[in-house]
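# Coordinate inspection notes
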Amino acid sequence: MLLAPPLQSLPAVSGSTPLGRAVDYMRISVTDRCNERCLYCLPEHFQAWMPRGEILSYEEILAVVEVAVGRGFKHFRVTGGEPLVRRDICHFLRELVRLPGVESVQLSTNGTRLAELGEALFATGLRRLNVSLDALDADRYHEITHGEVAPVLAGIRHAKALGFSPIKLNTVLIRHKNEDQIWPLIEFAASLQIPIRFIELMPVSLTEMLTEENFLPAGEVMAMLAERDKLIPVETSLGHGPAKYYRLKKTGAVVGFIGALTNLHFCEACNKVRLTADGHLRPCLGHHGEFDLKPGLRPTVDKAVLRARLDQALAEKPPEHAFRDNWQPKRIMTAIGG
């Protein structure tokens with residue numbers, strides 16, 4: 001992997017000191033399918049989808065969540081691929097929101113179906129949304145996602161009008177692709193009074209994306225914004241993830257930064273694991289280690305097996321990701337879950 005020289009020389013956080021991290025957040029992928037093909041996520045000609053029989057049923061996912069709640073998990077995010085392309089997703093969300101011990105449920109989506117499904121989603125009790133938005137310009141958006149931006153913007157506005165809160169926008173930073181979109185995106189988010197987070201590019205699906213030419217550090221974007229406005233740190237927590245938030249003094253916009261590569265302390269407070277659509281528990285996005293939960297789910301649910309696998313995954317959660325160490329993806333991002 002061709003990392004920029006500054007990234008090649010970044011020191012890693014010490015892996016020898018046990019980190020006292022309270023892991024209480026699970027990201028649940030319900031499908032590896034997506035109706036867009038973002039440059040950093042889904043290779044253009046990829047067709048190796050998971051067999052349908054390997055995808056966990058909603059009942060199986062809920063069984064995993066019940067065990068996870070018993071182990072102290074409180075927060076859950078539903079992802080894909082694109083979760084809103086899976087049939088009966090609203091039924092699943094309604095059951096997940098109502099499950100005893102679940103304190104918060106969030107949905108990560110590309111927003112393409114929000115206008116269509118907004119009312120049904122709201123009726124499930126879901127209120128928290130994260131929406132990917134990598135550009136406002138239609139041509140630039142299509143270049144990055146191979147999709148259309150108009151339905152996404154309509155869906156965001158519709159979700160806001162319905163009363164979803166909080167809604168957060170996510171923008172993956174790609175040099176020469178969307179740095180000129182950063183300020184328009186901030187103004188759009190500010191107009192709706194919703195936060196926007198800027199996420200450093202990671203080699204999650206394609207190592208060729210993480211090059212010196214493509215990589216745009218979060219610190220450079222912060223410096224860019226500081227030339228136009230003053231960044232005031234937001235002291236209160238705005239979620240359960242790693243973003244660091246600032247309020248822009250003049251515009252009032254709230255912007256967050258997720259710097260997985262340049263923030264050397266990024267992993268120290270990591271509180272999450274990922275459940276893949278095919279039933280593997282992945283303690284770290286930036287490590288290949290996974291724990292198959294299917295033996296505890298099929299042919300029938302065995303909660304003792306699920307608890308043992310979950311405990312093993314937590315015990316073996318790495319102290320930090322390996323993205324800085326010539327990382328080579330084995331599974332594309334849509335197969336792992338966002």
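In case you missed it, the structure is sitting above this.
Here we summarise the structure given alongside this text. Quick caveat, the model's predicted, so the values are computed rather than measured.

### A word on the nonpolar core
Ranked by size, the top nonpolar core spans 74 residues in total, and within it Met 26, Leu 121, Leu 133 and Ile 186 carry the most contacts. At 9 residues, the largest contribution of residues to this core is made by helix H2 (residues 58-70). Core analysis: the second largest hydrophobic core is formed by 18 residues, Val 172, Ile 199, Ala 243 and Tyr 245 among them.

### Structural notes on the pattern of salt bridges
Pairing is possible between side chains that carry opposite charge, provided their charged atoms lie close to one another. Enumeration over the complete set of coordinates arrives at 10 salt bridges. A salt bridge links Arg 33 to Asp 32; the shortest N-O distance between them is 3.9 Å. Between Arg 175 and Glu 220 there is a salt bridge, with the nearest N and O atoms lying 2.8 Å from each other. Placement of Arg 175 in the loop between strand E5 (167-172) and helix H7 (182-192) and of Glu 220 in helix H8 (residues 218-226) is noted, with a sequence separation of 45 residues between them. Using a relative accessible area of 18% as the deciding quantity, one classes Arg 175 as buried.

### Concerning the layout of surface pockets
What the second largest pocket holds in volume is close to 200 Å³. For the second largest pocket, the full set of lining residues is Val 30, Thr 31, Asp 32, Arg 33, Met 50, Arg 52, Ile 55, Val 85, Arg 86 and Arg 87. Per-class residue counts for the lining of the second largest pocket are 4 nonpolar, 1 polar and 5 charged.

### Here's the deal with the pairing of strand E2 (residues 75-79)
With 5 of its 5 residues buried, E2 lies for the most part within the structure. Covered by surrounding structure in E2 are His 75, Arg 77 and Thr 79 together with Phe 76 and Val 78, the residues of both alternating faces. In this structure, strand E1 (residues 25-29) lies alongside E2, joined through 5 bridges in parallel fashion. Residue pairing in the sheet places Ser 29 in a bridge with Thr 79 of E2. Where E2 meets strand E3 (residues 104-109), 4 bridges bridge the pair, whose relative direction is parallel. By the bridge assignment for E3, Arg 77 is matched with Gln 106. Handedness of the E2-helix H3 (residues 89-98)-E3 crossover: right-handed.

### Section: H7
Every buried residue belonging to H7 is among Ile 182, Trp 183, Leu 185, Ile 186, Phe 188, Ala 189 and Leu 192, and all of these are buried. The secondary structure elements touched by the buried residues of H7 are helix H6 (150-162), E5, strand E6 (196-199), H8, strand E8 (244-248) and strand E9 (254-258). Gln 193 sits one or two residues past H7 and shows a positive phi near 55°.

### Quick notes on the pairing of E3
If a strand is regular, its side chains alternate between the two faces of the sheet. The buried fraction of E3 is high, at 6 of 6 residues. Burial along E3 is two-sided: Ser 104, Gln 106 and Ser 108 facing one way and Val 105, Leu 107 and Thr 109 facing the other are all buried. Handedness of the β-α-β unit built from E3, helix H4 (residues 114-123) and strand E4 (residues 128-132) comes out right-handed.

### What about the sheet that holds strand E12 (residues 291-292)?
Strand order in the open sheet made by the 12 strands is E7-E8-E9-E6-E5-E4-E3-E2-E1-E10-E11-E12, with mixed pairing throughout. Of all strands in the sheet, those with a lone pairing partner are strand E7 (231-233) and E12, marking the two edges. Across the face of the sheet, H2 comes into contact with E1, E2 and strand E10 (272-275) while running at roughly 175° to E1. H8 contacts E7, E8 and E9 of the sheet and is inclined by roughly 155° relative to E9.

Criteria and cut-off values
- Residues numbered from 1 in each chain as written.
- Predicted model: local features only at pLDDT ≥ 70, side-chain atom pairs only at ≥ 80, totals over all residues.
- Heavy atoms only, no water.
- Core = buried A, V, L, I, M, F, W, Y, C linked by side-chain atoms within 4.5 Å.
- Buried < 20%, exposed > 50% of the residue type's maximum accessible area, 1.4 Å probe, protein only.
- Helix = DSSP H or I, 4+ residues; strand = E, 2+ residues; numbered from the N terminus.
- Salt bridge = Lys/Arg side-chain N within 4 Å of Asp/Glu carboxyl O.
- 1 Å grid on protein atoms, 1.4 Å probe; cavity = no way out; pocket = protein on both sides within 12 Å on 5 of 7 lines; lining within 4 Å.
- Points joined across faces, edges and corners; volume = space filled by probe spheres on them.
- Nonpolar A, V, L, I, M, F, W, Y, C, P; charged D, E, K, R; others polar.
- Pairing = 2+ DSSP bridges.
- Right-handed = clockwise from strand over helix to strand, strands pointing away.
- Contact = heavy atoms within 4.5 Å.
- Axes fitted to C-alpha atoms, helices over the stretch in contact; angles between N-to-C directions.

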